[in-house]
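Here's the letter readout for the chains.
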Amino acid sequence: MIQLYEHPLFVTSCYTTYLDTTDHSILIDKIYNIKENTTSNVRSNKGGYQSHAREAPDFDNDIVKNLFEKSIRPAALEIFNIWNLPVYKMERFCYWYNIKNKYSYNDAHTHPDSHISGVYYVKVPNNSGNITMYRSESERDRMWHTSRDIIHQKIESNNPNINTQHWFDPKEGMLILFPSHLSHDVGQNLTDDVDEDRISLSFNFY
């Protein structure tokens, strides 16, 4: 038997955890209040509402301030340590809220001019849309032979060596962090209840 040694060359990783928050009702009310009093920002979002970004330390409420100070910012610092990047204070970051009503979604996009991006899920109805991460377009094009064979042979594969996409099924309290250059989209909110919105908090660390 031949002994092979694997050498990971270019690794792109996402990081997930669940925060110990059980009641988002107050935060949800605050987010809807912002929606009622401001116009929606338009970026990659198709339908729904996206608040305009707020730059730290200009927090709009203490709940979000505590989320960043106790959980989100320490998680970002840990990723910087994993990447062996110079230790930054990570004091420069912005955040915004997303409210996705039924059928709204986000096109594939990246978050330029930042190091780490992420999303924290405040409210997640059933079947309200996954977040999907993609290889770069040029790399996907060069892998078309492999992708074609997987499709033709109806192979069910979940292998990061050959996958061209990976998705996460969001849950309330879930925190996802990823390198800002990573292309990603958000699926349509297809919940059966037309009044059930998916609500999330997104952010960039510069």
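Residues numbered from 1 in each chain as written. Predicted model: local features only at pLDDT ≥ 70, side-chain atom pairs only at ≥ 80, totals over all residues. Heavy atoms only, no water.

### Section: the environment of Lys123
As a reminder of what qualifies: Secondary structure is summarised from DSSP: a helix means a run of H or I of at least four residues, a strand means a run of E of at least two, and numbering begins at the N terminus for each. Accessible area is worked out with a 1.4 Å probe on protein chains only. A residue is then buried under 20% of its type maximum, exposed over 50%, and partly exposed in between. The contact definition used throughout considers only heavy atoms, calling two residues in contact when any of these lie within 4.5 Å.
Secondary-structure assignment places Lys123 in strand β7 (residues 116-123). According to the relative accessible area criterion, Lys123 is buried, its value standing at 18%. As for Lys123 and Glu139, which are separated by 16 residues in sequence, their C-alpha atoms are 34 Å apart. Not counting chain neighbours up to four residues away, the residues in contact with Lys123 comprise Ile28, Glu172, Glu196, Asp197, Arg198 and Ile199.

### Side note on the pairing of β7
The test is simple: A pair of strands is treated as paired once DSSP finds two or more bridges between them.
Among the 8 residues in β7, 8 count as buried, and that is most of the element. Relative to strand β10 (residues 174-179), β7 runs antiparallel, the two sharing 5 bridges. Looking at the pairing, Val119 lines up with Ile176 of β10. Looking at chain direction, β7 and strand β12 (residues 198-205) are connected through 7 bridges and run antiparallel. Note on β12: the bridge partner recorded for Tyr121 is Ser200.

### Topic: the confidence of the model for the protein chain
Selection rule: On a range of 0 to 100, pLDDT expresses the predictor's confidence in each residue.
For the protein chain, mean pLDDT is 92; residues scoring 70 or higher make up 97% of the total. Ranking the helices and strands of the protein chain by mean pLDDT puts β10 first, with 98, and helix α4 (residues 144-152) last, with 76.

### Some thoughts on helix α2 (residues 62-82)
How we decide: Each residue after the first adds 1.5 Å to the expected span of a helix. Throughout, the bend at a residue refers to the angle made by two axes, fitted to the seven residues ending there and to the seven starting there.
Taking 1.5 Å of rise per residue, the 21 residues of α2 would be expected to cover 30 Å, and the 29 Å separating its terminal C-alpha atoms lies within 8% of that figure. Helix geometry: α2 is bent most strongly at Phe68, by close to 45°. Listed in full, the buried residues belonging to α2 are Val64, Leu67, Phe68, Ile72, Ala76, Ile79 and Phe80. Buried residues along α2 sit in contact with β1 (15-18), α1 (25-37), β5 (93-100), β7, β10 and β12. One or two positions beyond α2, positive phi appears at Asn84, with a value near 60°.

### What about unusual backbone geometry?
Going from Ala56 to Pro57, the amide bond is cis rather than trans, its omega being 5°. For Pro57, the position within the fold is in the loop between β4 (54-55) and α2. Of note, Asn84 is a non-glycine position whose phi angle comes to about 60°, a positive value. Structurally, the position occupied by Asn84 is in the loop between α2 and β5. Since its relative accessible area comes to 67%, Asn84 is described here as exposed.

### Focus on the nonpolar core
Definition in use: For the purposes of this section, nonpolar cores are sets of buried Ala, Val, Leu, Ile, Met, Phe, Trp, Tyr and Cys residues that join through side-chain atoms within 4.5 Å.
Judged by nonpolar contacts, the single largest core of 28 residues is most densely connected at Phe68, Leu201 and Phe205. Looking at this core, the elements with two or more residues in it are α1, α2, β5, β7, β10 and β12. It is α2 that provides the largest number of residues to this core, a total of 7 residues. With near-sequence residues (within four places) excluded, Phe205 lies in contact with Phe68, Ile72, Arg73, Ala76, Met90, Arg92, Phe93, Ser114, His115 and Ile116.

### Description of the packing of aromatic side chains
Quick note on the threshold: Note on aromatic contacts: the rings of Phe and Tyr and the six-membered ring of Trp form a pair at centre separations within 6.5 Å, being stacked when their planes are under 30 degrees apart, edge-to-face when over 60 apart, and tilted otherwise.
With the rule as written, the count across this model stands at 11 aromatic pairs. Between Phe93 and Phe205 the ring centres are 4.9 Å apart and the planes differ by 40°, which places this aromatic pair in the tilted class. Of this pair, Phe93 sits in strand β5 while Phe205 sits in strand β12; the two residues are 112 residues apart in sequence, bridging distant segments of the chain. When sorted by exposure, Phe93 lands in the same class as Phe205, which is buried. Ring pairing ties together the aromatic residues Phe59, Phe68, Phe93, Tyr95, Tyr97, Phe203 and Phe205, which thus form one cluster.

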